[in-house]
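In case you want the letters, here they are:
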Amino acid sequence: MSDALSLETVGLTKRFGAFTALDAVSIKVRAGSLHALLGENGAGKSTLVKCVMGYYHADDGDVLIGDRGQEIGSPRAAAALGLGMVYQHFTLVPNMSVAENLLLASGKVPAVVDWKAERAKMTRFMDSMPFRVPLDRPISALAIGEKQKVEILKQLYLDRRLLILDEPTSVLTPDEADEVLGFLRGLVDQGRLTIVMISHKLREIYAYAEEVSVLRQGKLVGAGRTADLAAPELTRMMVGVETLAQPAARAPKPAGDVVLDASGLVAADDRGRRALDGASLAVRAGEILGLAGVSGNGQRELVEILAGQRDPEAGAVKVHGERYAADRAAARKHKVVCLPEEPLKNASVPTMSVAENLALRRFDLAPMARGPWLSDGAIRRAAEKLIGEYRIRTRSPATPIAELSGGNVQRTVLARDLSEEIDLLVVANPCFGLDVKATAEIRAALVAQRNKGAAILLVSEDLDEILELSDRVAVIASGKIAYEAPIAAADRQEIGKRMVAH
Amino acid sequence: MAAVAETSGEAASPTRGAWALDRDRLGAIAEAIAIPLIALLAGAALFALFMLATGYDPVEVYALIWAGGFGSSFSWSNTLLRAAPLLLTALYTAVPARLGLVVIGNEGALVLGGVAAAGIGFALAGAPAAVAIVAMGLAGMLAGGIWVALAGALRHFRGVNETISSLLLSYLAIALMNHLVEGPLRDPASLNKPSTGHIGDGFMLGALPGTDIHVGLAIGIVVCLICHVLIRHTRTGFAMRVVGGNPAAARLAGLGVGPLLIGACFLGGAAAGLAGMIEVAAVHGRANASLAVGYGYTGILVAFLARHNALAIVPVAILLGGIGASSGLLQRRLDLPDASVLVLQGLLFVAILASETLRGRLRPYFSGR
């Protein structure tokens, strides 16, 4: 295997029309180092790495790979130089085996595959790796952490010398993240690889990166050794002078009546396997119940049932002591609001405008509807108000929501849903993929709802988030509630054990 | 590109925001017009190549298509007569398409609507004309609507692909018509061409004042307008667009996805059934195999060309009506086979399907970003 490559950008500038996404950014990544790229959503991190990878052509500035200026015209050219990238989302073919995916990644699949030779080569490669993934296993049978490892193995198999990782741990549990990052750190230490890692997680940056560059609004606002930069300083660089939303002080009042009472829920997942197996839980007014668990243990199905997107096979959902039908009338009567994960996919209509998406809950009520007729004016005015209040960055209310950045889609959905009066709020991974500032805002909004007396079920794969926000903690494993404790008595070790026990 | 949306919006002052809105909308509208236009031109160019290859002069062919479709008041009236059923059969595909369904059994719904209308009209002989005509219209709409609602229900409750089921239901409908006109509903006097009994001249729809064109054209345009208003300006239409854009979000909002899906299918089928009723009550006077002459299939093409916009269906139906109307002239002057305009239609359809890949790529040019 060849040696690590250095990367340097000199005055890299990229404009989209009148908007400057990257403004003369110069960063320096030493060969054989792990360099973190930090910044808010829309700060220009993705634009920067896409310029390096040949997806975008910079308007100005140079990219130096291994100290030589390179004209990288396409991702193919980048690959030829030994550059590789691991994306935030998986790029594996789920119904093919690990070996087939490795072969596919090379981009040159011969008409007839000499599997014997390929297998020998792959086995040799796997033997040189500190962790192994079974070559014959189909991707769909792998756990999320294993898939992420295959993504990385795929790049290493192609002999990459500089690897760019776009939020590599966003789908991983903390333990899995440590395993993957530890492995990569090892490769860097052996001098085989240089890594540029886009991340929001300060903990990982401090644990694994030796240097960091911070972008804000397309400009490089700070860089240095992680050892020399304290966390508050990094955060300040990232968000600028604006201060982070502080979580509203938790009003220390006892929880009220039971609002949500789900008992004995049984449901199958999309493939017909039993995902929920008799899960029961209750949430009281004015408390946040944090539901922790490794993804794929029934959380998604639970949220879908509460959101009316899936019918349970058995069990009952009661809200305010009444059977809850999860339709429009029942949700309105009981003031139930559901915020599923991936809001663009689950909670908004990508083809419709921001204004129409903001109207989704109220379009059939006055003043947005007069009899059977819609009032475009009322929809527009309501949207302008929410866009202002929640600082949604959109060109206009008529812009299709799919054109907004992830953080702003989430803001739009929150603006729509949290501006309602709420008795029961069900949220799933509300801060997934969001930057520090947006995360702080959302967490503050959740605590504010709790203090106003809403019962909140917070389903999250981020244990830190759960421990920070919850009044009570529960763990879901294999479709059952495996642990429940008030926050004061909750024990991180115990929770971790229950998450993986079957 | 996400970054673009984020920051340029932040910089927008209230006045610039209003301006940006117009520019955004204009860009979207310009794209919605440009894509079908490009597709039409590409399809026409392919047909020109086909004509060249078969030894005809494409310039002459297009001149004749123009003359035969739009060159004289006679050709215009021929064109509009053909456009009338297309307006309604196009809605069959266009309305469910707003909910994300692709249903293409237009021909069957038209045929069933025609048979139902003819049956009712024949049975009501002697009743007041207004009553009979309304009853025939309702029967046609009900027959067409229920037939497609079946495909919608199969899709919603059993997950059956609605494209396939609507097409197969359409074949069944045509077979059902053949059975009815050759059996139970057959007029013994119809010897060569089995037909239902004639509904009687008293029940026939008249012509638009001062023209040879029957009122079906006006009905078609009015129904297109109604569908447009329904989809764009009512609560129900909003809910339909939510379902079409993202069924998961529609369920999250507690909207009744099933009733909306099946209702939209019914609506589209009712429009096609009405087309069948008009063909019977304004043209043939009876139901027979002449109902299944392809207005349904051309309706699919109209809906796709109009990008499922009920208003755009009107000009597109007239355009394709004109192309159909010119086939006679092409045959007489150039001895071109009747089917050559079908080749043109087919090429247009392929070009339109291919043009979908341009969606969203032209808008930046139009909105100047």
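If you're wondering where the values come from, they're calculated on a predicted model, not measured in any experiment.

Peer 1: Help me out: how do you make sense of the overall build of chain A in this one?
Peer 2: The number of helices and strands found in chain A is 17 helices and 22 strands. Whereas a compact globule of 502 residues would reach a radius of gyration of roughly 23 Å, chain A reaches 24 Å, a difference of no more than 12%. Once the C-alpha set of chain A is aligned to its principal axes, its extents read approximately 65 × 50 × 50 Å. Considering only residue pairs separated by 6 or more positions, chain A has 68% of its internal contacts joining residues 24 or more positions apart.

Peer 1: What is the right way to look at the overall build of chain B in this model?
Peer 2: Looking only at helices and strands, chain B features 16 helices and zero strands. For chain B, whose C-alpha radius of gyration is 22 Å, the value lies close to the compact-globule estimate of 21 Å for 369 residues. By principal-axis analysis of the C-alpha atoms, chain B measures approximately 75 × 55 × 40 Å. Carbon and sulfur atoms form 69% of the exposed surface of chain B, whose accessible area is close to 15500 Å². Of the charged side chains in chain B, 21 are positive and 17 negative; the average position of the first set lies 9 Å away from that of the second.

Peer 1: Got a minute to help me understand unusual backbone geometry in this structure?
Peer 2: Leaving glycine aside, a negative phi is the common case for residues, and trans is the common case for peptide bonds. Residues and elements named next belong to chain A. In the segment running from Ala366 into Pro367, the intervening peptide bond is cis, with an omega of 0°. Note that Pro367 resides in the loop between helix H12 (354-358) and strand E17 (369-370). Despite not being glycine, His320 has its phi angle at roughly 50°, a positive value. Structurally, His320 can be placed in the loop between strand E14 (314-319) and strand E15 (322-323).

Peer 1: Looking at this structure, how should I read a nonpolar patch on the surface?
Peer 2: Residue and element names in this part refer to chain B. Judged by side-chain polarity, Leu26, Ile29, Ile33 and Leu37 come together as a nonpolar surface patch covering roughly 400 Å² of accessible area. Checked against the element boundaries, Ile29 lands in helix H2 (residues 14-53). Its relative accessible area of 47% is what places Ile29 among the partly exposed residues.

Peer 1: Please explain the nonpolar core as it appears in this structure.
Peer 2: The nonpolar side chains of soluble globular proteins are, as a tendency, buried together. Leu91(B), Ile313(B) and Leu320(B) are the most contacted members of the largest nonpolar core, which totals 112 residues. Here the element with the most residues in this core is helix H11 (residues 257-284) of chain B; it accounts for 14 residues. Dropping the residues within four chain positions of it, Leu91(B) is found in contact with Pro96(B), Val223(B), Cys224(B), Cys227(B), Gly268(B), Ala271(B), Ala310(B) and Ile313(B). Judged by nonpolar contacts, the second largest core, of 62 residues, contains Val283(A), Leu291(A), Val459(A) and Leu252(B).

Peer 1: Any chance you could explain the side chain of Gln309(A) here in plain terms?
Peer 2: Mapped onto the elements of the fold, Gln309(A) is located in the loop between helix H9 (299-307) and E14. Note on Gln309(A): relative accessible area 16%, which makes it buried. Not counting residues within four places of it along the chain, the set of residues in contact with Gln309(A) comprises Glu304(A), Asn346(A), Ala248(B), Ala249(B), Arg251(B) and Leu252(B).

Peer 1: Before we go on, may I ask you to explain the pairing of E14(A) in this structure?
Peer 2: Residues in a regular strand project their side chains so that they alternate between the two faces of the sheet. Where strand E11 (residues 258-268) of chain A meets E14(A), five bridges bridge the pair, whose relative direction is antiparallel. Bridge assignment links Ala262(A) to a residue of E14(A), and that residue is Val317(A).

Peer 1: Would you explain the sheet that holds E11(A) in this entry?
Peer 2: Hydrogen bonds along the backbone pair up the strands of a sheet, which may run parallel or antiparallel. Read across the open sheet, the four strands follow the order E12-E11-E14-E15 (chain A); overall the sheet is antiparallel. Every interior strand has two partners, whereas the edge strands, strand E12 (274-284) and E15 of chain A, have only one.

Peer 1: Help me understand the sheet that holds strand E1 (residues 7-16) of chain A, please; the structure alone is not making it clear to me.
Peer 2: All names here are of chain A. Overall, antiparallel pairing links the four strands, which are arranged E2-E1-E4-E5 in an open sheet. Each of the sheet's edge strands pairs with one partner strand only, and the pair in question is strand E2 (19-29) and strand E5 (68-70). When the angles between neighbouring strand axes are averaged without regard to direction, this sheet yields 30°. Here E1 runs beside E2; their pairing, made up of seven bridges, is antiparallel. For Leu12, the partnering residue across the bridge sits in E2 and is Val25.

Peer 1: Explanation requested: the pattern of salt bridges in the structure shown.
Peer 2: Where side chains of opposite charge bring their charged atoms close, a pairing between them can arise. Residue and element names in this part refer to chain A. Counted under the stated rule, the structure contains 33 salt bridges over all chains. Of the charged contacts in the structure, one is a salt bridge between Arg185 and Asp189, with a shortest N-O distance of 2.9 Å. Linking Arg185 with Asp189, this pair stays in helix H6 (residues 174-189), spanning four residues, or about one helical turn. Arg185 gets classed as buried once you look at its relative accessible area, which sits at 16%. Residue Arg328 is joined to Asp364 by a salt bridge in which the shortest nitrogen-to-oxygen separation is 2.8 Å. A residue pair is termed long-range when its members are at least 10 positions apart, and Arg328 in helix H10 (residues 328-334) and Asp364 in the loop between H12 and E17 qualify at 36 residues. With relative accessibility at 12%, the residue Arg328 sits in the buried group. On the accessibility criterion, Asp364 (17% relative accessible area) is buried. Taken together, the salt bridges that share partners define one network made up of Arg30, Arg185, Asp189, Glu210 and Glu211.

Peer 1: Can you help me understand helix H12 (residues 295-305) of chain B in this one?
Peer 2: Residues separated by three or four positions in an α-helix point in the same direction, a consequence of the helix having 3.6 residues per turn. Residues and elements named next belong to chain B. Of all eleven residues making up H12, ten are buried, and the element is well covered by its neighbours. Within the sequence span of H12, burial applies to Tyr295, Gly296, Thr298, Gly299, Ile300, Leu301, Val302, Ala303, Phe304 and Leu305. Positive backbone phi, at 50°, marks Arg307, one or two positions downstream of H12.

Peer 1: For this particular structure, what's the right way to read the domain arrangement of chain A?
Peer 2: A common way to report how large an interface is uses the accessible area buried once the components associate. The domains assigned to chain A are domain 1 (7-239) and domain 2 (258-500). Computed from C-alpha coordinates alone, the two centres of domain 1 of chain A and domain 2 of chain A are separated by 32 Å.

Peer 1: Explanation requested: helix H13 (residues 376-389) of chain A in the structure shown.
Peer 2: In this model H13(A) runs 20 Å from its N-terminal to its C-terminal C-alpha over 14 residues, within 8% of the 20 Å that 1.5 Å per residue would give. Structurally, H13(A) contributes buried residues whose contacts are with H12, strand E18 (373-374) and helix H14 (406-418) of chain A.

Peer 1: Any chance you could explain the packing of helix H5 (residues 106-123) of chain B against H11(B) here in plain terms?
Peer 2: Residue and element names in this part refer to chain B. Where H5 contacts H11, the two axes come as close as 6 Å, and the packing angle between them is 50°. The orientation of H5 relative to H11 falls into the category oblique. Between H5 and H11 lies a crossing of right-handed hand. Touching Asn106, Ala109, Leu110, Gly113, Gly114, Ala117 and Ala118 of H5 are Gly269, Ala272, Gly273, Ala275, Gly276, Met277 and Val280, all from H11. Along the lines of polarity and charge, the residues of the contact of H5 with H11 split into eight nonpolar, six polar and no charged.

Definitions and cut-offs
- Residues numbered from 1 in each chain as written.
- Chains lettered and ligands numbered in written order.
- Predicted model: local features only at pLDDT ≥ 70, side-chain atom pairs only at ≥ 80, totals over all residues.
- Heavy atoms only, no water.
- Helix = DSSP H or I, 4+ residues; strand = E, 2+ residues; numbered from the N terminus.
- Rg over C-alpha atoms; globule rule 2.2 N^0.38 Å.
- Contact = heavy atoms within 4.5 Å.
- Areas by Shrake-Rupley, 256 points an atom, 1.4 Å probe, with all protein chains shown as cover.
- Lys, Arg positive; Asp, Glu negative; His and termini not counted.
- Charge placed at Lys NZ, Arg CZ, Asp CG, Glu CD.
- Patch = residues over 30% accessible without salt bridge, like charges linked within 9 Å, V, L, I, M, F, W, Y side chains within 5 Å.
- Salt bridge = Lys/Arg side-chain N within 4 Å of Asp/Glu carboxyl O.
- Buried < 20%, exposed > 50% of the residue type's maximum accessible area, 1.4 Å probe, protein only.
- Core = buried A, V, L, I, M, F, W, Y, C linked by side-chain atoms within 4.5 Å.
- Pairing = 2+ DSSP bridges.
- Axes fitted to C-alpha atoms, helices over the stretch in contact; angles between N-to-C directions.
- Domains from an automatic or database assignment.
- Expected span 1.5 Å × (residues − 1).
- Parallel < 35°, antiparallel > 145°, perpendicular 65-115°, else oblique.
- Left-handed = near helix turned anticlockwise from the far one by under 90°.
- Nonpolar A, V, L, I, M, F, W, Y, C, P; charged D, E, K, R; others polar.

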